[in-house]
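# Observations on the three-dimensional arrangement
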Amino acid sequence: MTDSSPIDSLLEMYLFENSTLLEQLENIILECEHVNAYPAAAVHEIFRIMHTIKGSSTMMQFNHIAALSHAMEDLFAYLREREEVLADYSQLSELVLQGSDFIKIELLKLQNGHIADEDSATLTHRITAYLDQLKTSQDPCPATSSEDDHEIGLANLDAPAAGFKAVVFFGNDPGMEGVRAVQLIQSLEDIEANYSYHPKDSLGGAEETAFIRNHGFQLLFQDKHNYSEVHQCIREACGVTAVQLFDSDADSSNHSHHNGKRDHEPTTAPRLAHPSSKNEAEDKVPLAAVERSPMQSASYLSVNVSKLDELMNLIGELVIAESMVSQHPELQGHPLEQFKHAARHLTKITKEIQDKTMSIRMVPLESCFHKMNRVLRDMSKKLDKDIRLQLIGEETEVDKSIIDKITDPLMHLVRNAADHGLETGPEREAAGKARTGTLTLEARNTGSEVMIIVRDDGRGMDRGKLLARAREKNMLYKEEADMSDREVYQLIFMPGFSTKDSISEFSGRGVGMDVVLQNIDSIGGTVFIDSEPGHGSAITIKIPLTLAIIDGMNVKVGSSRFTLPISSIKESFRPQGKDIIRDPDGCEMIMVRGQCYAIIRLYEHFKLHSDVQTVEDGILTMVEVDGQQVCLFADELLAQQQVVIKALPVYIKKLTNLKGIAGCTLLSDGSTSLILDIPHLISH
C-alpha cells in the first residue's frame, strides 16, 4: 500500500472525521453531565454522531467499533424517541465516555499503523444492559409514571389558590418513603409554617408508604413568599430523587425538579423523571458543544495539513525569490524606476499571499483548551477534589503546527496543577477558601507571540521546600541566596526533580516537567512561573504565532551570516571600549545606562574566524528573553527582512558545536544564514 493509495486516503478521512466527531461528542457529554440534563438537541446530536461512526466503521470493516457505536446509537435512539428525562445521568455519561475512549484508542492504533482489534463486546454488553434497565424501569418507577399516573397525582390534592404544590418522590430506599417524608417535614418546619401535606400520617403503614411511592409525598403551601427556600430545602432533603412543583394558576406553569446530588442517587436501575421536566433541561443546558459542530457547516472545507505545509513552503520560496530579485546586487545604483515600481507591487502581492496562507493555518486554541475538561473531570473524581475549569481567550489563534506541539505539554501542566497545586476540599475550607478549586487556562496575543497561562488558586509553591529538595538531590547550580523566586520555581523543570515523596498515577517520578520544557523549547517558546504561597501559581508559556516565517535581522560574523528574530531584539549599538568591564571570573560585560550586561562574542561561541575582534569595530545587539538580557557581538548589521525558517539538515544536527542554532534560512543573495536560538544563548 503506497502513500497515494486510495485506501490510505479513505482511512485518513475516516480517522479525521471520526476523531472530530469524538471530540465533539466528548464536549457534549461533559456539558450535559455538568448540568445533569440531556436536552433533545444533545440527544439528537449524539445519536447522529454514533450513527455516522457506525456507518463509516462498517464501511471500513472495523466491526468491533461498528458494534459498539451501534449499541450507543440504540441507546440514544431510545432516549430520542421516548423523550424521557433521567433523574441521574452520571451512569449514562460514564458509559458514553468509556465508549468514546475505546474508539479513540482504536483510531490511534490505526493512525500509528497498528492493528485495531481490541474486543468491544464487554463494553457493548454493558451499554445494552443499561438500555434494558431503562426500558424495564419505566413501568414500576413512580417517577416515570404514565400520563394517567401523573393525573392521579394531580387529582389527589389541588394547589392552593395563592400558593403552590410540591410532589416529592423518594427513590433510594424502597420501604423508607414514610420515614423520608417525616424527615422532610422536620426540615421544613425551620423555614415554613403555613403548609399542609398528604398523607397526613406518613408513618401510618404500608398503605401510606405505597401512596408516597406511587404518587409522591404531596405538600401544599398557601403562598409563595418563601418559594426559593422551600424548593431548595426539598431538593436537599434526604432521599429525594425527584420533585414536581405545581402552580395553581395554570397547568403550563408546572415544573419538575430533580435532585442532582449524588448522595441521593439510586444505586440500581436508573429512574425516569416526568416528561414535564424536559423543558427545564432544555433551558439548563448550554448547547455550545452542539452548536459548535464542525461538520455541519457547508462554508468550511477540510484540507489535509500536509498540503498546507507544502503551500507554506512554496510561499516561503516565493518570499525568498522575490527578495533575491528586488535586492539583487547587480541592480544596486541603477536608476530603474519602473523596475522598482513593479518590484514594490510584487512585494505587496507576495505579502498578501503570505498573510492569507498563514491565516489558513491559524487555528483557535479552543479545541486544545476543551480537551482539558475531560482531563480535569477524570482527575477530580480520582483525586476527590472539586475542580472548576475556567477558559479565557480560547478564540486566540496560533499556527496548526504549534497547537500540535503544545497540547501534550499543556495537558501535563494542567494535570500537575490539579495534583500538586490544588488542595482537597477540606484543606481549602480549613484555609478559608471555597471548597471548589479553580484552574484557569488563559490565552492572549502579545504581538508576534501568544501567551498561554495555566493558573490555579491552590496552595502555591514553597520556596524553602523546593530549595531543600534541590539541595538534597544536588541540583543547585548557584548559591541559594542569589536565586530569584522565578529561578527557584524553574527547578521543577529539571530532570528527576520532584517534591512528592510517593509516586501516584499522576506525578511523583520527576519526569514530565522537563519534557514540557523541552517541547516548548523546540518550538522557540519559553516557560516561567510565578507563585504566591497560599494563593496559587501561574505557569506562563510564550510561544511564537507561527514556525514558518519570522521577521529577522541579519548580522555578519567573519564569512558567516546569522539571523536574529526581531521579536528578541531590544537595541543595537556600537560599543565604546571604556564601557567594557570584566568580572573576577573573566566574563566580559558592558555597562549600559548603569546596568551590566553579559557579552557573547559570536565568533568565539561558534569558533569562527573574524578580523573584527575589537569592540569599537563591531556592533552589539541586546536581546531579551523573559526579562534576561545579553549583548551579542557581531562584525556588522546587514539588513532586516522576513526569513523562512528551514530545519537544519540531519547531518548538521549531529554536530555538537551547533548548539544555539534554531534553524537556517536563505538570504536574498542566495547565501545561507543560521537562525540563532536566543533562549539557548541566554540560558547557557
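Every value quoted in this text rests on a predicted model; they were computed, and no experiment measured them. (Residues numbered from 1 in each chain as written. Predicted model: local features only at pLDDT ≥ 70, side-chain atom pairs only at ≥ 80, totals over all residues. Heavy atoms only, no water.)

### Description of the overall build of the chain
A count of helical and extended segments in the chain gives 22 helices and 25 strands. The burial tally for the chain puts 47% of its 684 residues in the buried class. In the chain, 70% of the contacts between residues at least 6 apart in sequence involve partners at least 24 apart. Per element, the accessible surface of the chain, about 33,900 Å² overall, is 52% carbon and sulfur. (Helix = DSSP H or I, 4+ residues; strand = E, 2+ residues; numbered from the N terminus. Buried < 20%, exposed > 50% of the residue type's maximum accessible area, 1.4 Å probe, protein only. Contact = heavy atoms within 4.5 Å. Areas by Shrake-Rupley, 256 points an atom, 1.4 Å probe, with all protein chains shown as cover.)

### Details of the pattern of salt bridges
Across all of its chains, the model carries 36 salt bridges by this definition. One salt bridge connects Glu442 with Arg444, and the closest N-O pair in it is separated by 2.8 Å. Here the residues in one salt-bridge network are Glu26, Glu33, Glu94, Asp101, Lys104, Arg374, Arg377, Asp378 and Lys381, joined through shared partners. (Salt bridge = Lys/Arg side-chain N within 4 Å of Asp/Glu carboxyl O.)

### Description of the UniProt feature "modified residue: Phosphohistidine" (unreviewed entry) in the chain
The sites that UniProt annotates as "modified residue: Phosphohistidine" (unreviewed entry) are His51. Mapped onto the fold, His51 is located in helix α2 (residues 40-59). (UniProt positions renumbered as here; feature names shortened; annotations may be inferred.)

### Topic: the pairing of strand β21 (residues 619-625)
With 6 of its 7 residues buried, β21 lies for the most part within the structure. Note: β21 against strand β22 (residues 628-634), 7 bridges, orientation antiparallel. Directly across from Glu624, in β22, lies its bridge partner Gln629. Here β21 folds back onto β22 in antiparallel fashion, the turn holding 2 residues, of which Asp626 has a positive phi close to 55°. (Pairing = 2+ DSSP bridges.)

### Let's talk about the confidence of the model for the chain
Detailed reading of the predicted coordinates is not advisable wherever pLDDT falls low. Residues at a pLDDT of 70 or more form 82% of the chain, whose mean pLDDT is 79. Contacts for the low-pLDDT stretch residues 139-155, under 50 throughout, to residues beyond four places or in other chains number 29 contacts. The low-confidence segment residues 250-286 (pLDDT under 50) makes 111 contacts with residues lying over four places distant or belonging to another chain. (pLDDT = per-residue confidence, 0-100.)

### Here's the deal with the sheet that holds β21
Taken in spatial order, the 6 strands of this open sheet run β17-β21-β22-β20-β19-β18, and their pairing is mixed. Here the strands that pair on one side only, and so sit at the sheet edges, are β17 (569-573) and β18 (580-582). In this sheet, neighbouring strand axes are inclined to one another by 35° on average, regardless of whether the strands run parallel or antiparallel. Pairing between β18 and strand β19 (residues 588-592): 3 bridges, direction antiparallel. Residue pairing across strands places Ile581 opposite Met589, the latter belonging to β19. (Axes fitted to C-alpha atoms, helices over the stretch in contact; angles between N-to-C directions.)

### Some thoughts on the sheet that holds strand β13 (residues 526-532)
Reading across from one edge, β9-β11-β12-β14-β13 is the order of the 5 strands in this open sheet, with mixed pairing throughout. Each edge of the open sheet carries a strand with a single partner, namely β9 (387-392) and β13. Neighbour-to-neighbour, the strand axes of the sheet open up by a mean angle of 15°, direction not taken into account. Across 8 bridges, the pairing between strand β12 (residues 449-456) and strand β14 (residues 536-544) is antiparallel.

### With respect to a nonpolar patch on the surface
A cluster of nonpolar side chains, Leu318, Ile349 and Ile353, forms an exposed patch at the surface whose accessible area comes to about 200 Å². Relative to the assigned elements, Ile349 resides in helix α13 (residues 337-361). A relative accessible area of 34% places Ile349 in the partly exposed class. (Patch = residues over 30% accessible without salt bridge, like charges linked within 9 Å, V, L, I, M, F, W, Y side chains within 5 Å.)

### A look at the environment of Gln354
Within the secondary structure layout, Gln354 lies in helix α13. Judged by relative accessible area, Gln354 falls into the buried class, the value being 2%. Distance in space between the C-alpha atoms of Gln354 and Gly316 is 8.1 Å, their sequence separation being 38 residues. Discounting chain neighbours no more than four positions away, the residues touching Gln354 are Ile315, Val319, Ile549 and Gln642.

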